[in-house]
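Overview (structure and organization)
Here is how the chains run, residue by residue.
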Amino acid sequence: MDWDKLLQEATHHLQEYIRIQTVNPPGNEIEGATFFKKIFDAETIPCQVFEPSPGRGSILATLKGNGKKKPILLLNHIDVVPAEKEHWKVDPFAGTIQDGYLYGRGALDDKSMGIIEMMALLILKREKVLLKRDVLFFAGADEETGGGWGVEWAIEKVPSLAEAEYALNEGGAVILNDDGTADRYGVSNGQKVLFQLEVKAKGTSGHGSMPHSDNPNVKLVEALERVTKWETPYNILPVVKEYFLKIAPKQPPADRQFFEDIEKGLSDPAFSKRLTSNPIYNSIVRDTISLTILQGGSKINVIPSESTASLDCRLIPGSSKEDFLKGVKKRLVDEIEVEVVSESRSLPPSPLDTDLFQAIQRFAAKNDPACPVVPLLLSGATDSRFLREKGVITYDFCPFRLTETELKTEHGNDERIALENLRFGMKMLVEILKDVAA
Ligand SMILES: [Zn+2]
């Protein structure tokens, strides 16, 4: 295979794709879906475009296998988040290449994934690889605002998606050390459960010049102080235990034994405090509460009669929503109302003893010996939740080698991907697909 030529081809496609405006809202993903359709049509790979609402397009392409095994789905999303143009060093929608990097909104999240997944189908087709399962490609709409017009819609209306045995989606990546060597392959197999609350305090309105004891803002602030200081109990899933065990060798010697058995480690008060001061670690060992919106009053000399706050809570899969809510209510006082405004289903993580996970491990062992493949519990939400709900074993893993600095450009300024990552990503995907599907 001529990887230089394939890299050129992928780079050209990604530039074109970034130039298509798919900022959500409004999304306009139909143009992205049409872009893919042209390419698949030219390669005679069957595909179908869906448009459940005007402009909200998604596309499914199918590379047929002999049906001996159930399909594998390569998932990506077409929409992107807005960009603050004035803070970028290049136009975020021009597809500019500079010093080996392709810049643009979607360069990492998630247009590059779409391009290498498409290229993987093209490569398997051109090489006439005999497949024992269908390889599906789905580029969906609306991931950035909840998936309602994308995967959430498609999982009910496009039967072949839910029939897949496996899916690969955005999420983890190969994380690099400062010297460019691979530190770990982070593969997420589960995510936390969304449980968002609104709390409301009522009181008596009045003149700001005459403070009184029934001020809803004061009641709310005092109650929120108790809720946000709540140290929720630890709840360690096997995947999280495994994660800490795998990263233990890289820890300072004094901490290693704590990482190796994280449940025991967390019973040490000093270590527990140290560990949970890291927001990433803290988010995977317990249910969390973030106070995100505060609303009360609109004029400086008026005491309002009502004030509200929003709490973005993320629970460990399997945590009882009922018990959690009881815990919140206990810390508020009776007269403060709580309402659940948004929640996702509590789904167990996908199993790790699978062909697909082993294929990822084999690739890692060959290309980056001694680099661990680390399972992750994502604190955020991706489209994978809709697939796991249907029993599809789903891993969130982008086959890209990224530094922490590069990762931070997702949703940020100067989002970019090293062109070499497109080569690595295509190679890895093709090898994994050959492993599990050929
Ligand atoms: Zn994304």
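Residues numbered from 1 in each chain as written. Predicted model: local features only at pLDDT ≥ 70, side-chain atom pairs only at ≥ 80, totals over all residues.

**Considering the nonpolar core**
Ranked by size, the top nonpolar core spans 95 residues in total, and within it Leu-73, Met-119, Ala-120, Leu-121, Val-135 and Met-426 carry the most contacts. Two domains each donate at least three residues to this core, and these are domain 1 (3-191 + 348-437) and domain 2 (193-343). Counting residues in hydrophobic clusters, the runner-up holds 17 residues, among them Val-193, Ala-201, Leu-220 and Cys-313. (Core = buried A, V, L, I, M, F, W, Y, C linked by C-beta atoms within 7 Å. Buried ≥ 20, exposed ≤ 12 C-beta atoms within 10 Å, placed from the backbone. Domains from an automatic or database assignment.)

**Here we look at the environment of Tyr-234**
Structurally, Tyr-234 is set in the loop between helix H6 (216-228) and helix H7 (238-247). Residues Tyr-234 and Arg-286, 52 residues apart in the sequence, show an inter-C-alpha distance of 4.8 Å. Setting aside chain neighbours within four positions, we find Tyr-234 in contact with Leu-266, Val-285 and Arg-286. (Helix = DSSP H or I, 4+ residues; strand = E, 2+ residues; numbered from the N terminus. Contact = placed C-beta atoms within 7 Å.)

**Remarks on the domain arrangement of the protein chain**
With domains assigned, the protein chain is organised as domain 1 (3-191 + 348-437) and domain 2 (193-343). For domain 1 versus domain 2, the separation of C-alpha centres amounts to 33 Å. With 12 residues of domain 1 at the interface, the matching set in domain 2 holds 13 residues. Listing elements by their share of the side of domain 1 that touches domain 2, those giving two or more residues are strand S8 (182-191) and strand S15 (373-378). A total of 4 residues in the side of domain 1 that touches domain 2 trace back to one element, the largest contributor, which is S15. Here the residues of the side of domain 1 that touches domain 2 are counted per class, giving 8 nonpolar, 3 polar and 1 charged. (Nonpolar A, V, L, I, M, F, W, Y, C, P; charged D, E, K, R; others polar.)

**Observations regarding the sheet that holds strand S4 (residues 97-98)**
If you trace the 3 strands from one edge of the open sheet to the other, you get S4-S5-S17, paired in antiparallel fashion. A strand with exactly one partner marks an edge of an open sheet, and here the two such strands are S4 and strand S17 (416-418). Taken together, the 3 bridges between strand S5 (residues 101-103) and S17 define a ladder with antiparallel strand orientation. Residue Leu-102 lies in a different strand from S17, and its bridge partner there is Ile-417. Strands S5 and S17 of the sheet are contacted by helix H16 (residues 419-437), whose axis makes an angle of about 65° with S17. (Pairing = 2+ DSSP bridges. Axes fitted to C-alpha atoms, helices over the stretch in contact; angles between N-to-C directions.)

**Looking at the sheet that holds strand S11 (residues 288-296)**
The strand order across the open sheet built from 4 strands is S11-S13-S9-S14, with neighbouring strands paired in antiparallel fashion. Edge strands, defined here as strands with exactly one partner in the open sheet, are S11 and strand S14 (337-343). When the angles between neighbouring strand axes are averaged without regard to direction, this sheet yields 20°. When S11 meets strand S13 (residues 306-315), the two strands line up antiparallel, connected through 8 bridges. Bridging across to S13, Thr-288 finds its partner in Arg-314.

**Things to note about unusual backbone geometry**
For the peptide bond that leads from Asn-24 to Pro-25, omega is 0°, which places it in the cis range. Here Pro-25 is to be found in the loop between helix H1 (3-19) and helix H2 (30-42). In this model, Asp-109 is joined to Asp-110 through a cis peptide bond whose omega is 10°. Tracing the backbone through its elements, the reader meets Asp-110 in the loop between S5 and helix H3 (111-126). Despite not being glycine, Thr-44 has its phi angle at roughly 50°, a positive value. The backbone phi angle of Asp-99 is positive, close to 50°, even though this residue is not glycine.

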